[in-house]
Amino acid sequence: MWLKPEEILLKNAFKLWVTEKGNDYFVLQRRRGYGEGGGGLTGLLVGTLDTMLDSTSKVAPFRILHQTPDSQVYWSIACGGTKEEISQHWEWLEKNIMRTLSVFDSSDDITSFVQGKIRGLIAEEGKVSCVQEDDPEKFREALLRFEKWFDLPQKEKLVTYYSCSYWRGRVPCQGWLYLSTNFLSFYSYLLGSEVKLVISWNEIWRLEKTSNVILTESIHVLANGEDHFFSMFLHLNETFLIMEQLADYSIKRLFDKETFQEEPSLSDPLQITKRGLETHARNEQFRAFFRLPKEENLLEVYESFLWVPFSHFNTLGKICLSESYLCFASQDGSQCHVIIPMREVIGVEKPDRNSRALIVCVRGKRALRFSEVRDFERLANAIRKRCGMTASPQGECQNLINHFEDNPEEVALMVGQKDSSKAVSTEALMTVFHPQDTENLDPKMLKEKMKEQSWNIHFSEYGRGTSMFCTKKTRDLIVRGIPEALRGELWMLFSGAVNDMATNPGYYSELVDQSLGTSTLATDEIERDLHRSLPEHPAFQSDTGISALRRVLTAYAYRNPKIGYCQAMNILTSVLLLYAKEEEAFWLLVAVCERMLPDYFNRRIIGALVDQAVFEELIRMHLTQLTEHMTDLTFFSSVSLSWFLTLFISVLPIESAVNVVDCFFYDGIKAILQLGLAVLDYNMEGLISSHDDAEAVTILNKFFDNVTNKDSPLPQTVQQNSVGNNDKASSISKVDVSDLIKEAYEKYGDMKSEEVESMRKRNKLYVIQTLEDTTKQNVLRVVSQEVKFSASQLDELYVLFKVGAISQSLFSNSNNILLPVLLHHDPSLAYLEQYQLGFHQFSLLFSLLEPWSLCSGKDTLFLWAFRLLDENQDGLVNFKEFCCALDILYSGTFTNKLTFLFKLHQPPECQKTHCAFCFTPTGRGKVDLQAYLKQWQDEILKKEESIKDLPRINQAQFIQFSKTLYNLFHSDPEEESLYRAVARVTSLLLRMEEVGRRLQEPTSPQKSSTSPIQEAGSIPQEVEWSFAFEQILASLLNEPVLVRFFERPVDIQARLDHAKCAQLKSKTNK
């Protein structure tokens, strides 16, 4: 079978393969242990391992690799189970490919051509085999095994399963890997040895593909401090993709519920499938590559050639069709892509049926020619349907192309027209405060005009506007710096913000009107930071710039209250307003916050922390000399945080920083990572010789102060690297920002965006778990001062409590009635409030951990316990409250335990009913700092409660209290003695109360004669008796068997172990 080309670094990896045939471009290899000459001990070992595997996981014994004479890199392109099968592939390559390869001049062209051909073959085979891919009968059998082996909740949805090996030390256990919505599970049973493993996705710290001495490739999972390795997959990449998607799915459900709810394909756990996850991953990759709105989904893909005008060549690539866009990306290494909004398409034509070509006409009198489209008629109909048009007149588009090829000088006039936006409130601030003087051109302005001319030539060749071709030449021009006059336009184009604004006319004006005059925490912070945003620039020393900045930030906070406003947004928006109109600046901010830098601007800045972890990983890969000297790279994380949050704007002079922003809008976070590596590389010697972090920071700060932009046309009043620093920095050589960016691209530009995204996903798990661990340590530090549990016991209790809190959203669906606060984790709250239990989960967990065996009335007792612990009456119990209750039951004195039981039978006065769902919870809205300060003050001033302060219990409460004591003794060895003791205490208390009542009856007849006249027939009211806590305590202390029962130590560790097992097995009755 043909394989998607994958790079292999060693031809005979670990001596597991033998070469049978070879030529200049291909190698046919046989796996040792197969065929003639088994290969000695190595062949025996390999053959034994392969025999242990079933048909779905065996490594194919034959394979074909692609190579070029001047390269050490090999690409796997085919595999086979028999020699006959692989020989057929080999013969096909010799007949159809070998002769063609001789016409290419470079090795890169040969490799690109071979990869394109192989992908085309796979696509053809996929159309036939995709229907037979899923076998319902086999999946049903796997589901039955999954339910039998792993006693997971009934609502747990199995997504897919794979045969693989799980490594216990150096011994592989062949078995089955089951991937479900919330758990990764493995089961193996060989030679009487059973291996069972269940890992929750939200417990995983690392998920990555690795290689080691024994295994060429495996999947590494780090969870709960333990490493797990799975290997010998037939389709390892497919398996890893599904695992990555499920782990990301779990993180989003728990930590990003609002975003999660906007994805219908993942909103219902019961509807998640393998194909759905693969589609979701493909859509995410499609949107990220072409910078498209989140509503767009990849619907169809066509392989074709695109004619690149004026360069006179066809580039091989793929047409990607979504609801509103027609996109093309090349595969042959020319780095060419183009995005065509359907709103711009004015005609589609099929010029020649034999050539399988398609011509798409767009506004601006431009036409794009696609050729060798396999299903060109279907594509043409799909485009027309989405554009609401009929077939174009025959020859119209072709005449347009011929006309442009004959008259290239007209293209600049025809495609250089910019669409005018009607919803613009202001001009770019740079045009207002620094208009260009067209008459007096100094050398810098002349260079600026030369840059503009270079871009105009590019526009004439590759088009202008939304359907412009983006090629290597485009990137080269960006590295040199975008001209001031074109910066706003190109930022809008490369970021995709131009499409957002075009599809939402009038949206920004409406937001400004709606947000005007609102007063929130975000608006207060915005007002505070307005005058701190580029204060040295004249634009923000006037009301014009400040007002525009206020409107943009306030409108965005109103649009996205989840983010609201975060520091660093003001600095970024200030720069955007300099070069873009106000509405454009708003949409650029949307693109940055919601698409290009996801999760950057929130309270925990998770996105920035993830990219810092990626940055550390890249430092280890590319700057080994630095890592040898500085083993702890956390210093670079702390110092580089502002680099990522402000795109170097806060550390570089403004005239240099805008060049970095140019690259960011074209290449995304990859440009920032590259530049960060270049900065460290440039200062390598100084950083290595530095003695401490402070000296290293000084070195970097001096370097940034001396980064200049020699071609900047901005006046000295605007530039930041002006006169003040010249004396101090005279001994330090200046560095031009264009040279720095160029060096970054030359040294680290081979980094692929796909690799960066993969590193982001891998490190996101680790960052999230690190933040969660920080939360746990802070909570445990606070609670440990209040309870007597050991550190390990408290740690286990926290894990149980967190699992209980998470399960409230883990298996929830639209039919559940849950508090909004329980539907997702809110990291903006105080540490103790981040995980809380509602009544249902509280009762489940409390029943597993309470030290007594209750035979009846448990639900009522748990409800009373929940009310007692829920001091603020919000329908939630936090970890501290939960632990303090357990600490009383396990470590408290006889008096403490009895006090707790006594309080349970005195529900709060505000509670009118015993129904568990009659709370009126407020949930957790905006954080009320004053309320937290008051609560903290009350806790400091709170005096220790005395038993004399406890109110008396009435007759009904005392009867229920007695019943509770009876229930506690169920199955106790001294059960009968305990019952008798309680009966004696009850009888004694009732007699004491009877005597007390008689003593209180009135005896003076004169007193009754002076009372008011009573109505005839009235009945004297009976005095209701009650008991004080001191009376009950004194009576119970007289019964040694009761004292022994309450003071008997209970093994908390046994209860914890039982709870961990039961919590996983318990079925959730939602």
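Owing to the predicted nature of the structure, the values given are computational and were not obtained by experimental measurement.

**Focus on the overall build of the protein chain**
Each helix and strand counted, the protein chain has 44 helices and 25 strands in total. Buried positions account for 51% of the 1070 residues belonging to the protein chain. Taking contacts inside the protein chain between residues at least 6 apart in sequence as the whole, the part at least 24 apart equals 68%. Accessible surface, the protein chain: about 51,900 Å² in total, of which carbon and sulfur atoms supply 52%.

**Thoughts on the state of the cysteines**
Summed over the entire model, instances satisfying the criterion amount to zero disulfides. This cysteine, C320, is not joined by any disulfide, and C327 carries the nearest cysteine sulfur, 6.6 Å off. Judged by relative accessible area, C320 falls into the buried class, the value being 11%. With no disulfide of its own, C884 has C883 as its nearest cysteine by sulfur position, at a separation of 7.1 Å.

**A few points about the packing of aromatic side chains**
Considering all chains together, one arrives at 56 aromatic pairs under this definition. Measuring from ring centre to ring centre gives 3.9 Å for W149 and Y187, while their planes differ by 15°; the resulting arrangement is stacked. One end of the pair, W149, is in helix α5 (residues 136-149); the other, Y187, is in strand β8 (residues 183-190), and 38 residues separate them in sequence. Y187 shares its class with W149; the two are buried. Taken together, the ring pairs connect Y798, F801, F839, F842, F846, F862, F866, F879 and F882 into an aromatic cluster. For R63, the ring lying beneath its charged end belongs to W17, and the centroid distance is 4.1 Å. The ring centre of Y579 lies 5.0 Å from the NZ or CZ of R487, which sits over that ring.

**Description of the packing of helix α20 (residues 543-559) against helix α21 (residues 569-579)**
Contact pair α20 / α21: the axes reach a minimum separation of 10 Å and the direction vectors enclose 125°. Of the possible angle classes, the one that applies to α20 and α21 is oblique. Of the two elements, α20 crosses α21, and the hand of that crossing is right-handed. Note on element contacts: α21 touches α20 through M569, N570, T573, S574 and L577, opposite A548, L549, V552, L553 and Y556. Across the contact of α20 with α21, the residue classes break down as seven nonpolar, three polar and no charged.

**Remarks on the pairing of strand β6 (residues 158-168)**
Consecutive side chains along a regular strand alternate between the two faces of the sheet. Across the 11 residues that make up β6, a large majority, 10, are buried. Note that β6 and strand β7 (residues 171-180) share 10 bridges and pair antiparallel. The residue of β7 that forms the bridge with Y162 is L177. Following β6, the chain reverses through two residues before pairing antiparallel with β7; G169 in that reversal takes a positive phi of roughly 70°. Note that β6 and strand β12 (residues 226-231) share two bridges and pair antiparallel.

**As for the side chain of S656**
Checked against the element boundaries, S656 lands in helix α26 (residues 654-667). Assessed through its relative accessible area of 0%, S656 is described here as buried.

**Points about the confidence of the model for the protein chain**
Of all residues in the protein chain, 78% attain a pLDDT of 70 or more, and the chain-wide mean is 79. Put simply, helix α12 (residues 411-415) is where the protein chain has its lowest mean pLDDT, 36, and helix α27 (residues 669-682) is where it has its highest, 95. Within the model, pLDDT remains below 50 along residues 127-133, and this stretch shows three contacts once partners closer than five positions in the same chain are excluded. A low-confidence stretch, residues 910-927 (pLDDT under 50), is modelled with 34 contacts involving residues beyond four sequence positions or located in other chains.

**Side note on the side chain of R291**
Positionally, R291 belongs in the loop between α9 (274-290) and β13 (300-308). Put simply, R291 is tucked away with no salt bridge, and the nearest opposite charge, on D667, sits 6.0 Å away. At 2.9 Å, the side chain of R291 and the backbone oxygen of F494 are in polar contact. In this structure, R291 is in contact with F494, S495, G496, R595, M596, F664, F665, Y666, D667 and G668, ignoring residues within four places of it in sequence.

**Some thoughts on unusual backbone geometry**
At A568, a residue that is not glycine, the phi angle is positive and equals roughly 95°. Of note, A568 is situated in the loop between α20 and α21. A568 gets classed as buried once you look at its relative accessible area, which sits at 9%.

**Thoughts on the pattern of salt bridges**
For the structure on display, the rule yields 37 salt bridges. Among the salt bridges present, the one from D773 reaches K776, with a minimum N-O distance of 3.9 Å. Placement of the pair is D773 and K776 together in helix α31 (residues 753-783), with a separation of three residues, close to one helical turn. Taking the relative accessible area as the measure of exposure, D773 reaches 28% and is therefore partly exposed. With a shortest N-O distance of 3.8 Å, K1060 and D1057 are connected by a salt bridge.

**A short note on the sheet that holds β6**
One open sheet holds the seven strands; their spatial order is β9-β8-β7-β6-β12-β11-β10, and the pairing between them is antiparallel. Strands with a single pairing partner mark the edges of an open sheet, and in this sheet they are β9 (193-200) and β10 (204-210). On average, each strand axis in the sheet is inclined to that of its neighbour by 30°, with strand direction left out of account. Pairing of β7 with β8 involves four bridges; the strand directions are antiparallel.

**Notes on the nonpolar core**
Judged by nonpolar contacts, the single largest core of 117 residues is most densely connected at F494, M569, F601, W643, F665 and L680. With 10 residues, the top contributor of residues to this core is helix α22 (residues 582-596). Excluding its chain neighbours within four sequence positions, the residues that come into contact with L680 are F615, I619, L623, L626, F636, W643, L687 and L700.

Calculation notes
- Residues numbered from 1 in each chain as written.
- Predicted model: local features only at pLDDT ≥ 70, side-chain atom pairs only at ≥ 80, totals over all residues.
- Heavy atoms only, no water.
- Helix = DSSP H or I, 4+ residues; strand = E, 2+ residues; numbered from the N terminus.
- Buried < 20%, exposed > 50% of the residue type's maximum accessible area, 1.4 Å probe, protein only.
- Contact = heavy atoms within 4.5 Å.
- Areas by Shrake-Rupley, 256 points an atom, 1.4 Å probe, with all protein chains shown as cover.
- Disulfide = S-S within 2.5 Å.
- Phe/Tyr/Trp six-rings, centres within 6.5 Å; stacked < 30°, edge-to-face > 60°.
- Lys NZ or Arg CZ within 6 Å of the ring centre and 35° of its normal.
- Axes fitted to C-alpha atoms, helices over the stretch in contact; angles between N-to-C directions.
- Parallel < 35°, antiparallel > 145°, perpendicular 65-115°, else oblique.
- Left-handed = near helix turned anticlockwise from the far one by under 90°.
- Nonpolar A, V, L, I, M, F, W, Y, C, P; charged D, E, K, R; others polar.
- Pairing = 2+ DSSP bridges.
- pLDDT = per-residue confidence, 0-100.
- Lys, Arg positive; Asp, Glu negative; His and termini not counted.
- Salt bridge = Lys/Arg side-chain N within 4 Å of Asp/Glu carboxyl O.
- Polar contact = N/O pair within 3.5 Å; in protein donor to acceptor, adjacent residues only side chain to side chain.
- Core = buried A, V, L, I, M, F, W, Y, C linked by side-chain atoms within 4.5 Å.

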